[in-house]
Amino acid sequence: MRWSETFIPTLKEDPSEAEVVSHRLMLRAGLIRKLFSGAYTYLPLGRRALLKVIDIVRTEMDRAGALEIIMPTLHPSELWHKTGRYEDFGDVLMKLKDRHGREFVLGPTHEEVLTDLAATEISSYRQLPVTFYQIQTKMRDEPRPRFGILRTCEFIMKDAYSLDADVDSLDNSYNAMYNAYCRIFARAGLPYVPVEADTGPMGGSASHEFMVPCDAGEDQLVTCDTCGYGANLEKGEPRVLAQAGPASATPEEVATPGMSTIEQVSRFLNRKPCELLKTLIFVAGGKPIAVIVRGDHDVNELKLASALKCELELADPETIQEVTGAPVGFAGPVGLKIPIYADHDVASVNDCIVGANKADTHIVGVNHGRDFEVTEWIGARYAVEGDGCPRCAGTLRLRPGIEIGHVFKLGTKYSEAMGATYLDEHGHARTIVMGCYGIGINRIIASAIECSHDEDGIIWPITIAPYEIEILALNSNDEDVMQAAEELYGKLGGSFDVLLDARKASPGGKFKDADLVGIPVQVIVGRRGLKNGEVELRVRGRGERRSVPVEQAADAAAGQVQALREEINQRVEQAENSS
RNA sequence: CGGGGCGUAGCGCAGCUUGGCAGCGCGCCGGCUUUGGGAGCCGGAGGCCGCCGGUUCGAGUCCGGCCGCCCCGACCA
């Protein structure tokens, strides 16, 4: 493609509306334009990158044996009422009515539609297992679209759904998708990390998220560099700390006027936050309970809920006053008449400071077992930077990441709700066991840019770059330059995706645009080099520049592309071996 | 939905405090020159100053309401 014949509206300055790197660069490099907050037009260059990603995803899905279909975007609301997700999704569901007043939702995901298909079409165990997938635009009324294309109301998703006869078979289907995901993200050149995740409103028994660590990420993940353990922050299990020695102090009340937070009390008493215990009152299953974590730790409500196996919420100030006899900020375990759940690491400190259940008062020198009894010890806190890895002797790191893929073992949640059953070999009706698997196509592009750019612009992985080679014809008024560039374009164009910049513009502008747009292999044809019968070859984002004779330029550029592809292939192999 | 910031030419911004001709840079159009890191000169086009209302002889500027955009939080398959 010739630059002059396509549409690449680059911007010299950063658009004021863009803050995160990928958003800024995608606007500046002419990949996207905004229609409104949460919806973007993909211009030719952006569309090409999307198609490259889609091609990788499709190839790997097919390779894993999944069958591509296309489901409607418009779903009858009744389908969503059947599974109860009409309420669960709430305002995120886009709703509309047709001329007859029938209500529809715009599909934010397709479990309902696929399960409906399975219910009518799958009747025998002979048809199982089978996995369907589609690549299609999803609609979600996001409370807050942001970060350019990282969170939008409309986005392209690859969603796959496996149908299996039993749980063992689901494990196979799940693993096949998991492995395909590793290959996909490796091929896209992303430094992805699979982490254990919570199943959330999707339901089901197991789930992994595929994350790309980078600053623009909305999620928090904990990882261990030593053994490769990774988990969503909500799911991360810090190693339990060593127990503290025996008590040495005796409890004593101290006045702490107006000091109701850990920070205030620790500063006031000149003690470290980890020497304090944080006591929170929750209402669990309708009854008040106390939860204790170390002062420097935070309660993970999700873990707490799963340990207690019931719904829970923080108690309101009235309840706290009633239960502890003190205003918010002075609760403590000593003398409490409700069940006390303590995080394992409460045992890592002795002679603690706790609230006295009395306004403006704390107690120092408190020890569990002597001054109060713990009803049950549980894992109730979030991991923090520096915690021990639960799997090895390593240390956990905490960092933000972008979720680019998510796989779930759904079990029978949807098939049961919608009556998707099959007859087994004995003629007994059984419920289909399902899994679902999503990839955010647009996010792959955004995270690739987040992870691979410099101050000049994008540095594309060769596999998802809109073009593999850009030829810069520096001097558009020089016949020799134009002829040499055209010849190269002709030679390479047949086998590679080549962009030829032969615009009537200054050399400086072409260099700047080329770096901004970030095509991996640059072939620079200029009067200066041509005098010596040479052109220059560069790889975007690397220091490498070399001059090659004009007649060898095509082969050299081709070789460079092959070398870059080979680097990616090696990463795919590694991904395969480690998954 | 709560907090903060912003809205003036396609893009980036000034002008608003103290009401009185709508500005600058980039980009765009025409011409000449120029060509290895965002070229120069000359000429030109382009505006509902987010919208509605109020105050005023007069509002981009002051007041009220609304809308939109960005960030933080809540939420998030």
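Residues numbered from 1 in each chain as written. Chains lettered and ligands numbered in written order. Predicted model: local features only at pLDDT ≥ 70, side-chain atom pairs only at ≥ 80, totals over all residues. Heavy atoms only, no water.

**Student:** Explain the domain arrangement of chain A to me, and be specific about the residues and the numbers.
**Tutor:** Domain assignment breaks chain A into domain 1 (16-190 + 409-450), domain 2 (252-378) and domain 3 (467-577). Taken over C-alpha atoms, the centre of domain 1 sits 37 Å from the centre of domain 3. Taken together, the contact between domain 1 and domain 3 spans 13 residues of the former and 10 residues of the latter. For the domain 1 and domain 3 pair, buried surface summed over both sides reaches about 1,100 Å², with 63% attributable to carbon and sulfur atoms. Scanning the region where domain 1 abuts domain 3 turns up 4 salt bridges. (Domains from an automatic or database assignment. Contact = heavy atoms within 4.5 Å. Buried area = accessible area lost by both parts, 1.4 Å probe. Salt bridge = Lys/Arg side-chain N within 4 Å of Asp/Glu carboxyl O.)

**Student:** Could you give me a rundown of the side chain of histidine 110, with the residues and numbers involved?
**Tutor:** Locating histidine 110 in the fold gives a position in the loop between strand S6 (103-106) and helix H5 (111-121). For histidine 110, a relative accessible area of 0% corresponds to the buried category. The residues contacting histidine 110, other than those within four sequence positions of it, are Met71, Pro72, Thr73, His75, Gln134, Gln136, Lys138, Asp159 and Tyr161. (Helix = DSSP H or I, 4+ residues; strand = E, 2+ residues; numbered from the N terminus. Buried < 20%, exposed > 50% of the residue type's maximum accessible area, 1.4 Å probe, protein only.)

**Student:** Summarise the packing of helix H2 (residues 44-63) against helix H6 (residues 167-187); cite the residues concerned and give the values.
**Tutor:** Look at H2 against H6: their axes get within 9 Å of each other, and the N-to-C directions meet at 150°. In this view, H2 runs roughly antiparallel relative to H6, as classed from their interaxial angle. Judged by the twist between their axes, the crossing of H2 over H6 is right-handed. Between H2 and H6, the residues in contact are Ile56, Val57, Thr59, Glu60, Met61 and Arg63 and Met177, Ala180, Tyr181, Arg183, Ile184 and Arg187, respectively. For the contact of H2 with H6, the residue count by class is 7 nonpolar, 1 polar and 4 charged. (Axes fitted to C-alpha atoms, helices over the stretch in contact; angles between N-to-C directions. Parallel < 35°, antiparallel > 145°, perpendicular 65-115°, else oblique. Left-handed = near helix turned anticlockwise from the far one by under 90°. Nonpolar A, V, L, I, M, F, W, Y, C, P; charged D, E, K, R; others polar.)

**Student:** Got a sec to walk through the pattern of salt bridges? Specific residues and values, please.
**Tutor:** Using the criterion set out here, one finds 39 salt bridges in the structure. Residues aspartate 296 and arginine 294 are paired through a salt bridge, measuring 2.8 Å at the closest nitrogen-oxygen approach. Look at arginine 294 and you get buried, because its relative accessible area is 11%. With a closest N to O distance of 3.6 Å, aspartate 343 and arginine 381 form a salt bridge. Remark: arginine 381 occurs in the loop between strand S20 (376-378) and strand S21 (396-411) and aspartate 343 occurs in strand S17 (residues 340-343); sequence separation between them is 38 residues. By the burial criterion, aspartate 343 is buried, and arginine 381 matches it. Within the structure, one salt-bridge network assembled from shared partners comprises Glu60, Arg63, Arg183, Arg187 and Glu576.

**Student:** Go over the side chain of glutamate 536, please, and point to the residues and values.
**Tutor:** Inspection of the secondary structure puts glutamate 536 in strand S30 (residues 534-539). Those residues within four positions of glutamate 536 in sequence are excluded, and the remaining contacts are Gln522, Val523, Ile524, Arg545, Arg546 and Ser547.

**Student:** Give a description of the nonpolar core that names residues and reports values.
**Tutor:** Proteins that are soluble and globular tend to have nonpolar side chains buried together. One finds Phe185, Ile469, Ile471, Leu492, Val523 and Val525 to be the most contacted residues of the largest nonpolar core, which totals 96 residues. Here this core spans two domains, and each of domain 1 (16-190 + 409-450) and domain 3 (467-577) adds at least three residues to it. Sequence-distant contacts of phenylalanine 185, that is, excluding residues within four places in its chain, are made with Leu190, Tyr192, Phe210, Ile404, Gly405, Ile439 and Ile444. Of all hydrophobic cores here, the second largest spans 26 residues; its members include Ile122, Val130, Tyr161 and Leu163. (Core = buried A, V, L, I, M, F, W, Y, C linked by side-chain atoms within 4.5 Å.)

**Student:** Can you tell me about the packing of helix H1 (residues 21-28) against helix H11 (residues 441-451), naming the residues and giving the values?
**Tutor:** Where H1 meets H11, the closest approach of the two axes is 8 Å, and the angle between their N-to-C directions is 100°. Our classification of the angle between H1 and H11 gives roughly perpendicular. Contacts between H1 and H11 involve Val21, Ser22, Leu25 and Met26 from the first element and Ile445, Ala446, Ile449 and Glu450 from the second. When its residues are assigned to classes, the contact of H1 with H11 shows 6 nonpolar, 1 polar and 1 charged.

**Student:** Give a detailed account of unusual backbone geometry, specifying residues and quantitative values.
**Tutor:** A cis amide bond, omega -5°, links leucine 128 with the succeeding residue proline 129. Mapping proline 129 onto the fold places it in the loop between H5 and strand S7 (130-139). For phenylalanine 147, which is not a glycine, the phi torsion comes out positive at approximately 55°. Inspection of the secondary structure assignment puts phenylalanine 147 in the loop between S7 and strand S8 (154-164). A residue is classified by how much of its surface remains accessible, and phenylalanine 147, at 26% relative accessible area, is partly exposed. Positioned with a positive phi, aspartate 351 is a non-glycine residue whose angle comes to about 50°. Along the chain, the position of aspartate 351 falls in the loop between S17 and strand S18 (352-355).

**Student:** Lay out the sheet that holds strand S19 (residues 361-366) with the relevant residues and their values.
**Tutor:** Overall, antiparallel pairing links the 3 strands, which are arranged S13-S19-S18 in an open sheet. Two strands lie at the open edges of the sheet, namely strand S13 (252-255) and S18, each paired on one side alone. Taken pair by pair, the neighbouring strands of this sheet meet at an average axis angle of 35°, ignoring direction. Both S18 and S19 contribute to a ladder of 3 bridges, which runs antiparallel. (Pairing = 2+ DSSP bridges.)

**Student:** Describe helix H13 (residues 507-517), with residues and values.
**Tutor:** An α-helix turns once every 3.6 residues. As a result, residues three or four positions apart point the same way. Looking only at H13, the buried set comprises Lys510, Asp513, Ala514, Asp515, Leu516 and Val517. Buried residues in H13 make contact with H1, H2, strand S26 (457-458), strand S27 (469-473), strand S28 (498-501) and strand S29 (521-525). Where H13 terminates, the next one or two residues include glycine 518, which has phi positive at roughly 75°.

**Student:** How would you summarise the pairing of S7 if you had to cite specific residues and measurements?
**Tutor:** Along S7, 9 of the 10 residues are buried, which leaves the element largely enclosed by surrounding structure. In this structure, S7 lies alongside S8, joined through 10 bridges in antiparallel fashion. Within the sheet, the bridge partner assigned to threonine 137 lies in S8 and is isoleucine 156.

**Student:** I'd like to hear about the pairing of strand S9 (residues 193-196), residue by residue, with values.
**Tutor:** Every second residue of S9 is oriented toward a common face, the buried set being Val193 and Val195 and the non-buried set Pro194 and Glu196. Alignment of S9 against strand S10 (residues 206-213), held across 4 bridges, turns out to be antiparallel. Of the residues in S10, the one forming a bridge with valine 195 is glutamate 209.

**Student:** So what's going on with the sheet that holds strand S16 (residues 312-314)? Which residues, and what values?
**Tutor:** Read across the sheet, 5 strands follow the order S16-S14-S15-S17-S20 without closing on themselves; strand pairing throughout is mixed. Only two strands of the sheet have a single partner each, and these edge strands are S16 and S20. Put simply, the sheet's adjacent strands are angled 35° from each other on average, direction ignored. Alignment of S17 against S20, held across 3 bridges, turns out to be parallel. If you follow aspartate 343 over to S20, its bridge partner there is isoleucine 378. Here helix H8 (residues 301-308) sits on the sheet in contact with strand S14 (277-284), strand S15 (287-294), S16, S17 and S20, set at roughly 140° to S16.

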